[in-house]
Amino acid sequence: MISLQKQMIATLLALFLTGNTSAQNTPPATSKATTGIQEFTTDGCSLFPDRAPGGTPDWCDCCVQHDVAYWRGGTEEERLQADIALRECVQNKSGSPQLAQMMYNGVRVGGDAALNTTFRWGYGWPYGRGYRALSAEEQQQAAQAMARYLKQHTALQCPSQASGLPALFSKGEKNEYGK
C-alpha cells in the first residue's frame, strides 16, 4: 500500500509535469508591470486542504503566512526558513507531526522557484527570478504592495474567510457521519 505522503508527492509531480496550476494566485490585471512585484494574493493551502474535515483544527492561517513569504521570495535559506515555519505552525495547530511533515515535504517539492507555477517561491515576481536576495528597492516594493493589500483587506485571512464564502467544512459543522 502506498503511503499518503508518497501519494501526495506523486500527485504534485503529476500536476507539475502536466502544467496544471491553480488560478487562485493569478495576479489581478491591475498589477505592477512585469519587472516589479505583483499584488499579493493567497489561495490558502494551495493544493492541500485548509482545515480538517469538520473544520477543527484549522491551519489555513499558517498557509497564508507561508504565502506571504513565497510571494515575496528571496534566498534559498529564506525559503527553507518559511517552510520550517509552516511545518511548525501546522504541527502546533493540528497536533499532528505527520500532517505537518507531509505539508513540509509538499512545499519542498512543489514550491521550487524553478517551477513555473502560481505558488512557486517568489510568485509575486516575474518567473525566472530564482533565489536572489531582495534589493532595498524590491523590499520597498514588497512592503508597499503588502500595505495596499492590508488597506483593502484589513488582515491576512484565508480566502474562504476573506471572501465570505463558506469553507468546505465550517468550524463545528458535522459531516454525514456525525464527525
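Reference entry: report on the structure contained in this document. (Residues numbered from 1 in each chain as written. Predicted model: local features only at pLDDT ≥ 70, side-chain atom pairs only at ≥ 80, totals over all residues. Heavy atoms only, no water.)

**Some remarks on the state of the cysteines**
Working step 1: Scanning the entire structure with this criterion turns up three disulfides.
Working step 2: Residue Cys45 pairs covalently with Cys63 via a disulfide, S to S 2.0 Å. Of note, the bridge from Cys45 to Cys63 carries an S-S torsion of about 90° and is right-handed in sense. In this pair, Cys45 is assigned in the loop between α1 (4-18) and α2 (60-72) and Cys63 in helix α2, connecting sequence segments 18 residues apart.
Working step 3: We classify Cys63 as buried; its relative accessible area is 4%.
Working step 4: Looking at the chain, its bonded cysteines, counted consecutively from the start of the sequence, adopt the pairing 1-4, 2-6, 3-5. (Disulfide = S-S within 2.5 Å. Helix = DSSP H or I, 4+ residues; strand = E, 2+ residues; numbered from the N terminus. Buried < 20%, exposed > 50% of the residue type's maximum accessible area, 1.4 Å probe, protein only.)

**Quick look at the side chain of Asp67**
Working step 1: One can find Asp67 in helix α2.
Working step 2: Buried and unpaired, Asp67 has no salt bridge, with Arg79 as the nearest side chain of opposite charge at 11 Å.
Working step 3: If we skip the residues at most four places from it in the chain, Asp67 touches Phe40, Thr42, Asp43, Gly44 and Tyr123. (Lys, Arg positive; Asp, Glu negative; His and termini not counted. Salt bridge = Lys/Arg side-chain N within 4 Å of Asp/Glu carboxyl O. Contact = heavy atoms within 4.5 Å.)

**Some details on the pattern of salt bridges**
Working step 1: Tallied over the full model, the rule gives seven salt bridges.
Working step 2: Note that Arg51 is salt-bridged to Asp58, the shortest N-O span being 3.0 Å.
Working step 3: Take Arg51: its relative accessible area is 10%, and that puts it in the buried class.
Working step 4: For Lys93, the salt bridge identified is with Asp61, shortest N-O distance 3.0 Å. Here Asp61 lies in helix α2 and Lys93 lies in helix α3 (residues 76-94), a separation of 32 residues in the sequence.
Working step 5: Residue classification places Lys93 among the partly exposed positions, given a relative accessible area of 37%.
Working step 6: Note on Asp61: relative accessible area 37%, which makes it partly exposed.
Working step 7: Taken together, the shared-partner salt bridges connect Arg79, Asp83, Arg108 and Asp112 into one network.

**Points about the nonpolar core**
Working step 1: Counting 28 residues, the largest nonpolar core has Phe40, Phe48, Trp59, Trp71, Val90 and Met103 as the members making the most contacts within it.
Working step 2: Mapped onto this core, the elements with two or more residues apiece are α2, α3, α4 (97-110) and α5 (136-153).
Working step 3: Apart from the residues within four sequence positions on either side, Trp71 is in contact with Ile37, Gln38, Glu39, Phe40, Gly122, Tyr123, Gly124, Trp125, Ala142, Ala145 and Met146. (Core = buried A, V, L, I, M, F, W, Y, C linked by side-chain atoms within 4.5 Å.)

**Topic: α3**
Since the α-helix packs 3.6 residues into each turn, any two residues three or four apart lie on the same face.
Working step 1: With 19 residues, α3 extends 27 Å between its outermost C-alpha atoms, agreeing within 8% with the 27 Å of an ideal straight helix rising 1.5 Å per residue.
Working step 2: Every buried residue of α3 is accounted for by Arg79, Ala82, Asp83, Leu86 and Val90. All buried residues of α3 fall inside an arc of 95° around its axis, so they share one side.
Working step 3: Among the structural elements, α2 and α4 are those in contact with the buried residues of α3. (Expected span 1.5 Å × (residues − 1). Arc of directions from axis to C-beta.)

**Re the environment of Gln65**
Working step 1: For Gln65, the position within the fold is in helix α2.
Working step 2: According to the relative accessible area criterion, Gln65 is partly exposed, its value standing at 46%.
Working step 3: For the pair Gln65 and Thr42, spaced 23 residues apart in sequence, the C-alpha separation works out to 9.2 Å.

**Notes on the packing of α3 against α4**
Working step 1: Running from amino to carboxyl end, α3 crosses α4 at an angle of 155°, the nearest separation of the two axes being 8 Å. Comparing their axes, α4 and α3 come out roughly antiparallel. Handedness of the crossing formed by α3 with α4: right-handed. Together, Arg79, Leu80, Asp83, Ile84, Leu86, Arg87, Val90, Gln91 and Ser94 of α3 and Pro97, Leu99, Ala100, Gln101, Met103, Tyr104, Val107, Arg108 and Val109 of α4 make up the contact between the two elements. (Axes fitted to C-alpha atoms, helices over the stretch in contact; angles between N-to-C directions. Parallel < 35°, antiparallel > 145°, perpendicular 65-115°, else oblique. Left-handed = near helix turned anticlockwise from the far one by under 90°.)

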